[in-house]
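# Breakdown of the fold
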Amino acid sequence: MDILEFQNKLKEIQTLAVNNGKKVHVQLVEKFFEDGDMDAEKLKRVYDYLEVQGIRVEGFARDDMEDQRREETVPSQERIPLTREEEEYLREYLDSLGEQVEETEEILLKKYFSGEVSARDDLTRLYQKEVVEAAKEFNCEEIFFGDLLQEGNMGLLTALEKAEEQEEFRSWITGEIRNAVRRFTQEQTRQKKEDNILVEKVRTLEAKVKELTEDDKDVKYSVEELALFLDMDIEDIRSVLRLTGEE
């Protein structure tokens, strides 16, 4: 499959997905590219590209509704252990919280729901175990562990703002903390995919321009001319040029 044919297929599958509510099933994508030399790794890149464009690939995408429900209820199977630096950071973080809360959760919740502002700080300290647990569960090499703790605390504070008296309160607050960290991790992972795709676009454009200007390195082309010569969308070229700081 040559580049032009691949680009046309990619545009066509995007159009189909947009007309279908910005979603497409993985089987249709595989059928679309079955005549080419597309292996599993190349297909994964197609899925990643579609996901960055806001298109959900059902049967593959991590944000598929069934996968999301599973992620919200089932802990990660493989955890990445903390590094020595992260363990030290965690110790310093816990030390900075001060002494443990003496009052019970039940008493603090009664105070909090009766309007005692100081009870929120005590509850925040009380639920740090849940924050740390969520950060450890979603720990990954790409994200600073301290950022995961921060997101867990943001989820905790947000949950307390909207909290209502209920049974199994700790279970509910734990779920809110965990979901906050999970969403943050997914957003960061998605951003990394997008960055990787942009970097690949930069490399591709650089290679094509180098090939185009090989005989005359002083020649200059407009964006419109590059789009015509390289068979690329003008907006794609502009996006890449903005990323590299070129005018």
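No experiment lies behind these values; they were computed from the predicted model shown. (Residues numbered from 1 in each chain as written. Predicted model: local features only at pLDDT ≥ 70, side-chain atom pairs only at ≥ 80, totals over all residues. Heavy atoms only, no water.)

Another aspect to go through is unusual backbone geometry. The phi dihedral of K22 falls on the positive side, at around 60°, and the residue is not glycine. Summarising the element assignment, K22 is placed in the loop between α1 (3-19) and β1 (23-25). The class of K22 is partly exposed, set by a relative accessible area of 38%. Positioned with a positive phi, E168 is a non-glycine residue whose angle comes to about 55°. Here E168 is to be found in the loop between α9 (145-162) and α10 (169-212). (Helix = DSSP H or I, 4+ residues; strand = E, 2+ residues; numbered from the N terminus. Buried < 20%, exposed > 50% of the residue type's maximum accessible area, 1.4 Å probe, protein only.)

The next subject is the packing of aromatic side chains. With the rule as written, the count across this model stands at six aromatic pairs. An angle of 70° between the planes, with centres 5.3 Å apart, marks the rings of Y89 and F144 as edge-to-face. Linking Y89 in helix α5 (residues 84-96) with F144 in the loop between α8 (128-137) and α9, this pair joins segments that are 55 residues apart in sequence. You can call F144 partly exposed: its relative accessible area is 46%. (Phe/Tyr/Trp six-rings, centres within 6.5 Å; stacked < 30°, edge-to-face > 60°.)

This part is about α9. Taking 1.5 Å of rise per residue, 18 residues should cover 26 Å, and α9 covers 26 Å from first to last C-alpha, within 8% of that figure. Taken together, the buried positions of α9 are occupied by F145, G146, L148, L149, G152, N153, G155, L156, A159 and L160. (Expected span 1.5 Å × (residues − 1).)

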